[in-house]
Amino acid sequence: MGRLTGKRALVTAAGQGIGRASALAMASEGAQVFATDINAAALDDLIADGIETFVLDARDTDSVNLGMARAQPDVVFNCAGFVHNGTIQEATDDDWDFAFDLNVRSMFRTIRAALPGMVDRGSGSIVNMSSVCSSIVGAPNRFIYGTTKAAVIGMTKSVAIDYVAKGIRCNCICPGTVESPSWHDRVKALGEQIGSYDAAMQQFVSRQPMGRVAKAEEVAALVVYLSADESGFTTGQAHVIDGGWSS
Ligand code: NAD
């Protein structure tokens, strides 16, 4: 028996990075996993692990509603999100709108669509992807990003309090820097900006007192815990996993 045996779990942005690692970890704990992403090709090889895959655009309400109707999930891991670089003076209205739509409103869509089934069954666990860069710490050049991820914490607490008596839990996770394809792109971009890839890498790594960034699998382990009944007494919390960054 796995820790998630008997549960149906839908993951957004499961094509790569933390979403992918979490889909695999949940499947290995016995969940029936629905791994979704906007990029169909990125999902292809998850099928070999017994995972059902389909395209779900977290920015599209119809796509979300169809996906939730298909999966009928007991667990939702809202992982989709994007990191904009820059201060408030570099932020554009378009970047702001895009980030709030993908990082925050997407979760409004998915949670709204998943809740009726969870309420009928009297149980459910929702895990939202926030970041330690949110209301917990400010990170340089993460104005839009940190603002959206703080909103995720507020949404998490709001859903948690409204549904706690219905057997539904809602938590969020707040990682520090995690190795993923988009993180490698951010290191490269910073390296080009400051003229040294190694110096860019050092900037990211030095934020974590542990002297390294996280592996996606380390974050996936927290997602499994929050999805499973063993975490049944925690709801409405922001779970920090940041290598000591905010300590
Ligand atoms: P990533 O950024 O490398 O991959 C993101 C995935 O999202 C891609 O597969 C992409 O196709 C998918 N995607 C993009 N738009 C989508 C949409 N509209 N609908 C569905 N899927 C879409 O992965 P990552 O770095 O592991 O980041 C995943 C989440 O974790 C994000 O919310 C990010 O903000 C958060 N996070 C990441 C880090 C980090 O350092 N990597 C730290 C804290 C939080």
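Residues numbered from 1 in each chain as written. Predicted model: local features only at pLDDT ≥ 70, side-chain atom pairs only at ≥ 80, totals over all residues. Heavy atoms only, no water.

Caption draft 1: Up close: the side chain of Thr110. Relative to the helices and strands, Thr110 is located in helix H4 (residues 93-121). On the basis of relative accessible area, Thr110 is assigned to the buried category, the value being 0%. Engagement of the side chain of Thr110 in a polar contact is seen with the side chain of Asn78, the distance being 2.6 Å. Those residues in contact with Thr110, other than ones at most four positions away along the chain, are Thr12, Val64, Met68 and Asn78. (Helix = DSSP H or I, 4+ residues; strand = E, 2+ residues; numbered from the N terminus. Buried < 20%, exposed > 50% of the residue type's maximum accessible area, 1.4 Å probe, protein only. Polar contact = N/O pair within 3.5 Å; in protein donor to acceptor, adjacent residues only side chain to side chain. Contact = heavy atoms within 4.5 Å.)

Caption draft 2: The arrangement of the site of the ligand in detail. Looking at the ligand, there are 29 residues lining it, with Gln16, Asp37, Val178, Ser180 and Ser182 nearest. One of the side-chain N or O atoms of Asp37 is found 2.6 Å from an oxygen atom in the ligand. Between the ligand and Cys79 there is a distance of 2.8 Å, counted from an oxygen atom to a backbone nitrogen or oxygen. Within the complex, the protein chains bury 90% of what would otherwise be the 840 Å² of accessible surface of the ligand. Given that more than half its atoms are within 2 Å of the pocket grid, the ligand belongs to the largest pocket. Every element with two or more residues in the shell around the ligand is listed here: helix H1 (17-28), helix H5 (143-163) and helix H6 (181-194). By residue number, the principal contributor to the shell around the ligand is H6, which donates three residues. Considering only residue class, the shell around the ligand consists of 13 nonpolar, eleven polar and five charged. (Near = heavy atom within 4 Å. Areas by Shrake-Rupley, 256 points an atom, 1.4 Å probe, with all protein chains shown as cover. 1 Å grid on protein atoms, 1.4 Å probe; cavity = no way out; pocket = protein on both sides within 12 Å on 5 of 7 lines; lining within 4 Å. Sits in = over half its atoms within 2 Å of the grid points. Nonpolar A, V, L, I, M, F, W, Y, C, P; charged D, E, K, R; others polar.)

Caption draft 3: Representation of the layout of surface pockets within the structure. Taken as a whole, the largest pocket encloses approximately 990 Å³ of empty space. In terms of lining residues, the largest pocket is bounded by 42 residues, among which Cys79, Gly81, Phe82, Ser182 and Arg186 are the most central. Of all elements in the fold, only H1, H4, H5 and H6 reach the threshold of two or more residues within the lining of the largest pocket. Grouping the constituent residues of the lining of the largest pocket by class yields 22 nonpolar, twelve polar and eight charged. (Points joined across faces, edges and corners; volume = space filled by probe spheres on them.)

Caption draft 4: Broad picture of the side chain of Lys149. Note on placement: Lys149 falls in helix H5. With residues up to four places along the chain from it excluded, the contact list for Lys149 reads Gly81, Asn103, Met129, Ser130, Ser131, Cys133 and Ser134.

Caption draft 5: Spatial organisation of the sheet that holds strand S4 (residues 75-78). On the basis of which strands lie adjacent, the open sheet formed by seven strands has the order S3-S2-S1-S4-S5-S6-S7 and parallel pairing. At either end of the open sheet lies a strand with only one pairing partner, and these are strand S3 (52-55) and strand S7 (238-241). If you compare each strand with its neighbour and ignore which way they point, the axes differ by 20 degrees on average. Across the sheet, H4 is in contact with S4, strand S5 (124-129) and strand S6 (168-175); its angle to S5 comes to roughly 170 degrees. Against the sheet, H5 touches S5, S6 and S7, its axis set at about 160 degrees to S6. (Pairing = 2+ DSSP bridges. Axes fitted to C-alpha atoms, helices over the stretch in contact; angles between N-to-C directions.)

Caption draft 6: Spatial organisation of the environment of Ser158. Following the sequence through the fold, Ser158 ends up in helix H5. For Ser158, a relative accessible area of 38% puts it in the partly exposed group.

Caption draft 7: Just the pattern of salt bridges, in detail. Evaluated as defined, the whole model comprises ten salt bridges. Between Asp229 and Lys7 there is a salt bridge, and its shortest N-O distance comes to 2.9 Å. One end of the pair, Asp229, is in the loop between helix H8 (216-227) and S7; the other, Lys7, is in the segment before strand S1 (8-11), with 222 residues separating them in the sequence. Its relative accessible area of 58% is what places Asp229 among the exposed residues. When salt bridges that share partners are traced, they join Arg3, Glu29 and Glu230 into one network. (Salt bridge = Lys/Arg side-chain N within 4 Å of Asp/Glu carboxyl O.)

On their own, these measurements won't tell you what the molecule is for.
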